[in-house]
Each structure stands twice: as C-alpha cells, then as structure tokens.
Amino acid sequence: YCIGGSTPRKPAAIKTPVVATAKPVAKPVAKPAAQPVPAAVVAGTAHAAVESAIASWAQAWSRRDVDAYLASYSADFKPGGLTRAQWEAQRRARISAPKSIEVKVSDLDITQQGDTASATFRQTYTSDRLSSTVTKTLKLTLQNDQWRIVSESAK
C-alpha cells in the first residue's frame, strides 16, 4: 500500500565504482650477444684499479688517516722483524707525530697477472720533520675485490 497513489519504489542500489588498473605487459628485450672483452681492456681495468689503490694509500698517508692507511695492507702483510701489532703501533706513531705529511707517487710502473700485481714508483715523502725520495716497490693482491699491499720494499 502506498500513500499518495504512487507505486512503491525499491531503494536504488548503491554502486561502488570499479577502478580498473592495467598491468604493464613485459615485453621481451633482446639482449645483445655477449662479446669477448679484449685482453687489453681487462688489463687496463686491473691496471687502473691497482693505480687507484696506490693513490688511496698515498692520500690516506698524506691526510694522516692511519686507519685508512693501514686498511691498504692485507692481513697477510708481514712487516720485516716486527709482529703485525708492533708494526701497526709504529706506523700509528710515525704517521700521527708530524704536523703535516705529503706523499707523492710518480713514475708508476705496474705489472699485473691475475690477482697479483707489482708496482714500482718514485715516492717523495715530505713532512715538517723529514724529506726523502726513494724507489718503492709494492706487491699487491686482489682480496674481496680490493687491491691490498702484501709486501713493500724501498731503495
């Protein structure tokens, strides 16, 4: 029964809007065929990495950043005549004592084979206490993608 003579209506259904999201379709990407890397490029990359490691070592020494300097050395580094702990203590004292240090590397010659390298260069060391120029040879090895010093000699 309806008041006012009209037919009863059903309440309109509430519609929730539907939002369609399009998922991107992955298109296959053609990868270029792997090309062999020329040996000169591989050697050049290793050479650059060894050169960078030596530059970082010299810069850490020049900044008197003993921790970064010591991190340049492999755990396998054997200091002549000293235990590793004695050598580290000696290096800390010698690097911390001067007010300023400048270490320059020049005439760098690197030979690298696999994960070992030898670098010979002219090292000029200047501090407020001492100046010296020597020919230094560092032997390095690749450990955890980092070149580390395993031995050194100077003449």
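Small disclaimer: the values here were computed from a predicted structure and weren't measured.

Visitor: Explain helix α3 (residues 84-96) to me, and be specific about the residues and the numbers.
Guide: With 13 residues, α3 ought to run about 18 Å at 1.5 Å a step, and its terminal C-alpha atoms sit 18 Å apart, in line with that. Along α3, the residues that are buried comprise Trp87, Arg91 and Ile95. One side of α3 carries all its buried residues, which in axial view fall inside an arc of 55°.

Visitor: Break down the sheet that holds strand β4 (residues 146-154) for me, citing the residues and quoting the values.
Guide: Sheet architecture is open: 4 strands sit in the order β1-β2-β3-β4, paired in antiparallel fashion. The open sheet has two edge strands, β1 (101-113) and β4, and neither has a second partner. On average, each strand axis in the sheet is tilted by 30° relative to the strand beside it, whichever way the strands run. Note that β1 and strand β2 (residues 116-127) share 11 bridges and pair antiparallel. The residue of β2 that forms the bridge with Ile101 is Ser127.

Visitor: I'd like a rundown of the nonpolar core, residues and numbers included.
Guide: Counting 25 residues, the largest nonpolar core has Ile54, Trp57, Trp61, Tyr69 and Leu140 as the members making the most contacts within it. Of all the elements in the fold, those that place two or more residues in this core are α1 (39-63), α2 (66-71), α3, β1, β2, β3 (131-143) and β4. A per-element tally of this core places α1 first, with 7 residues.

Visitor: So what's going on with the environment of Ala58? Residues and values would help.
Guide: Assignment of secondary structure puts Ala58 in helix α1. Along the primary structure Ala58 and Ser72 are separated by 14 residues, whereas in three dimensions their C-alpha atoms are 9.6 Å apart. Beyond its immediate chain neighbours, meaning those up to four positions away, Ala58 contacts Val103 and Val105.

Visitor: Give me the environment of Gln143: which residues, what numbers.
Guide: Take Gln143: it is sitting in strand β3. Residue Gln143 is classed as partly exposed on the basis of its relative accessible area, which comes to 24%. Separated by 27 residues in sequence, Gln143 and Thr116 place their C-alpha atoms 9.6 Å apart. Not counting chain neighbours up to four residues away, the residues in contact with Gln143 comprise Ser74, Asp76 and Arg148.

Visitor: Can you break down the confidence of the model for the protein chain residue by residue, with the values?
Guide: Taken as a whole, the protein chain shows an average pLDDT of 82; of its residues, 71% reach a score of 70 or greater. Averaged pLDDT values for the elements of the protein chain fall to 82 in α1 and rise to 97 in α2. Segment residues 16-22: pLDDT under 50, and 0 contacts once partners within four positions in sequence are set aside and those in other chains are kept. Segment residues 36-42 is flagged for pLDDT under 50; beyond a separation of four residues in sequence, or across chains, it makes 1 contact in the model.

Visitor: Account for the side chain of Ser72, with residues named and values stated.
Guide: With respect to the helices, strands and loops of the structure, Ser72 is situated in the loop between α2 and α3. A distance of 3.4 Å separates a polar side-chain atom of Ser72 from the backbone oxygen of Ala68. Apart from residues no more than four positions distant in its own chain, Ser72 is found in contact with Trp57, Trp147, Arg148 and Ile149.

Visitor: Outline the packing of aromatic side chains, supporting the account with residue identities and numerical values.
Guide: Within the structure shown, the criterion is met by 9 aromatic pairs. Between Trp61 and Tyr125, the aromatic rings sit 5.5 Å apart at their centres with planes inclined by 45°, giving tilted as the arrangement. Residue Trp61 is found in helix α1, and its partner Tyr125 is found in strand β2; the two are separated by 64 residues along the sequence. Tyr125 carries the same exposure label as Trp61, and that label is buried. Here the aromatic rings of Tyr73 and Phe77 are separated by 4.8 Å at their centres, their planes lie at 65°, and the arrangement is edge-to-face. Taking relative accessible area as the criterion, Tyr73 reaches 4% and is therefore assigned buried.

The rules behind each value
Residue indices follow the written sequence of each chain, beginning from 1 at its first position. Whole-chain, interface and lining totals are the exception, using all residues; otherwise, since this is a predicted model, local features are given only for residues with pLDDT of at least 70 and side-chain atom pairs are given and counted only at 80 or more. Side-chain metrics rest on all non-hydrogen atoms present in the structure, leaving aside hydrogens and water. Secondary structure elements are defined from DSSP: runs of H or I of at least 4 residues count as helices, runs of E of at least 2 residues count as strands, and each element is numbered from the N terminus. An expected span of 1.5 Å times one less than the residue number is assigned to each helix. For the exposure calls, accessible area comes from a 1.4 Å probe over protein chains only, and a residue counts as buried if that area is under 20% of its type's maximum, exposed if over 50%, partly exposed in between. Here the arc refers to the set of directions running from the helix axis out to each C-beta atom. Strand pairing is defined by DSSP finding a minimum of two bridges between the two strands. Where helices are involved, their axes are fitted lines through C-alpha atoms of the stretch in contact, as for all axes, and angles between N-to-C directions lie from 0 to 180°. Joining through side-chain atoms within 4.5 Å is the link that ties buried Ala, Val, Leu, Ile, Met, Phe, Trp, Tyr and Cys residues into a set, and such a set is a nonpolar core. In what follows, a contact means two residues having at least one pair of non-hydrogen atoms within 4.5 Å. The pLDDT value expresses, per residue, how confident the predictor is, ranging between 0 and 100. Here a polar contact is recorded for every N or O atom pair within 3.5 Å, except that within protein the pair must consist of a potential hydrogen donor and a potential acceptor, and residues adjacent in sequence are included only if both atoms are side-chain atoms. Two rings from Phe, Tyr or Trp (for Trp, the six-membered ring) form a pair when their centres are within 6.5 Å of each other. A pair whose planes differ by under 30 degrees is stacked, one over 60 is edge-to-face, and the rest are tilted.

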